[in-house]
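Commentary on secondary and tertiary structure
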Amino acid sequence: MKTFQIIYGIHPLIEAIKEKKIIKKLFFQKEINIKIGANYKKLLYLSKQMNIPVHFVSKHRFDHDQLKYKNHQGVFALLSPIKTFNIKNLLPTFYKQHKNPLLLVLDRITDVKNFGSIIRTAACSGVHSIIIPNKSTARINSDSIKTSSGALFKIPICKENNIQTTIRYLIKSGLQIISATEKSDISWYKIDFSGPTAIILGNEENGISSKYLKLSSYQVKIPLSIQGISSLNVSVVCGILLYEVFRQRKIKNQIESAVKN
């Protein structure tokens, strides 16, 4: 029997429907006092277009453990579990599609807000896939969907049993491995990100495992101009690095386009 999971929030639900995820039922709170805006109406419209069963229920239906203290915005749904992938199946398809692979490897990112923020930034900046371990990681659930603003539906997540073996596979497949660590002497902007790249981000408390650092092509840091703070939040580091990749690749594409013309 298929187990459905609860997801909540207007924008995540809109993204789920647009990405054609399997939604069993959609619930709206009858007594909701918020002003019905464009996105609320859009959610209603899309649910009708996709023939999703819609139920208007009492606010007591929202007293579920997964919803009671959440910013559910008066809507939740029962969603088919999110599919995860294996990078060995995905990476060859990226090359066949003439993509320049950009991957994220998350080493024990356990905070759901960081996890969701990283996914959102990754989706917006052109990351092709995110790799996470099977254990010791934030769960793919209603909270991570909400904190990613539905971006979790837009980017393939690969769950791997052995991250060390996975990194070795990425190296053999032609990717450079960039690890973000404050212990490095190399600033992030000195790295050429224009080729196939996997960026490793580490645990909020302990950083990246030493065995992964040893496999890295480069270890990079983001310099800080203030004393007493040892590092940036991992989701902030993610944004800085990914948009440096975005910048470099955009410039490279512009140069190549100009040469062709």
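A short tour of the structure in this document, coming up. Being a predicted model, the structure only gives us computed values, none of them experimental. (Residues numbered from 1 in each chain as written. Predicted model: local features only at pLDDT ≥ 70, side-chain atom pairs only at ≥ 80, totals over all residues. Heavy atoms only, no water.)

A separate point is the packing of aromatic side chains. Enumeration over the complete set of coordinates arrives at five aromatic pairs. Pairing F27 with F76 gives two aromatic rings, centres 4.6 Å apart and planes at 15°, and the pair type is stacked. Here F27 is found in strand β2 (residues 23–29), whereas its partner F76 is found in strand β4 (residues 75–79), with 49 residues between them in sequence. Each member of the pair, F27 together with F76, is buried. Chaining the aromatic ring pairs together yields one cluster made of F28, Y40 and F56. (Phe/Tyr/Trp six-rings, centres within 6.5 Å; stacked < 30°, edge-to-face > 60°. Helix = DSSP H or I, 4+ residues; strand = E, 2+ residues; numbered from the N terminus. Buried < 20%, exposed > 50% of the residue type's maximum accessible area, 1.4 Å probe, protein only.)

It is worth spelling out the packing of helix α4 (residues 112–125) against helix α8 (residues 234–260) at this point. Look at α4 against α8: their axes get within 9 Å of each other, and the N-to-C directions meet at 10°. By the angle between their directions, the pair α4 and α8 is classed as roughly parallel. For the pair α4 and α8, contact is made by N114, S117, I118, T121, A122, C124 and S125 and by V234, S235, C238, G239, L242, Y243 and F246, respectively. Across the contact of α4 with α8, the residue classes break down as eight nonpolar, six polar and no charged. (Axes fitted to C-alpha atoms, helices over the stretch in contact; angles between N-to-C directions. Parallel < 35°, antiparallel > 145°, perpendicular 65-115°, else oblique. Contact = heavy atoms within 4.5 Å. Nonpolar A, V, L, I, M, F, W, Y, C, P; charged D, E, K, R; others polar.)

What follows concerns the pattern of salt bridges. Taken as a whole and judged by the stated rule, the model has five salt bridges. Of the charged contacts in the structure, one is a salt bridge between E19 and K154, with a shortest N-O distance of 3.1 Å. You can see E19 sitting in the loop between α1 (10–18) and β2 and its partner K154 sitting in the loop between α5 (142–147) and β7 (157–160), a full 135 residues away along the chain. Assessed through its relative accessible area of 31%, E19 is described here as partly exposed. With a relative accessible area of 44%, K154 lands in the partly exposed category. Measuring nitrogen to oxygen at the nearest pair gives 2.8 Å for the salt bridge that ties D107 to R108. With relative accessibility at 4%, the residue D107 sits in the buried group. You can call R108 partly exposed: its relative accessible area is 22%. Taken together, the shared-partner salt bridges in this structure form one network comprising E15, K18, E19 and K154. (Salt bridge = Lys/Arg side-chain N within 4 Å of Asp/Glu carboxyl O.)

A few words on α8. An ideal rise of 1.5 Å per residue puts 39 Å on 27 residues; α8 measures up with 39 Å between its terminal C-alpha atoms. Of all the residues in α8, the buried ones are V234, S235, V237, C238, G239, L241, L242, E244, V245, Q248 and R249. Looking at the packing, one finds that the buried side of α8 touches β5 (102–106), α4, β8 (176–180), β9 (197–201) and β10 (218–220). (Expected span 1.5 Å × (residues − 1).)

Let us look at helix α6 (residues 163–172). All of the buried residues along α6 are I163, T166, I167, Y169 and L170. Angular distribution of buried residues about the axis of α6 spans 160°; they occupy a single face of the element. Here α6 starts with a cap whose side-chain oxygen sits 3.1 Å from the backbone nitrogen of Q164, and that cap is N162. Immediately downstream of α6, the backbone of G174 shows phi near 95°, a positive value. (Arc of directions from axis to C-beta. Polar contact = N/O pair within 3.5 Å; in protein donor to acceptor, adjacent residues only side chain to side chain.)

Our focus in this paragraph is the sheet that holds β2. The strand order across the open sheet formed by four strands is β1-β4-β2-β3, and the pairing between neighbours is mixed. Looking along the sheet, the strands with just one partner apiece sit at the ends: β1 (5–8) and β3 (54–57). Across this sheet, the average inter-strand angle for adjacent strands is 25°, counted without regard to direction. Relative to β4, β2 is paired through five bridges, and the arrangement is antiparallel. Bridge pairing links F28 to V75 in β4. Across the sheet, α1 touches β1, β2 and β4, and the angle it forms with β4 is around 35°. (Pairing = 2+ DSSP bridges.)

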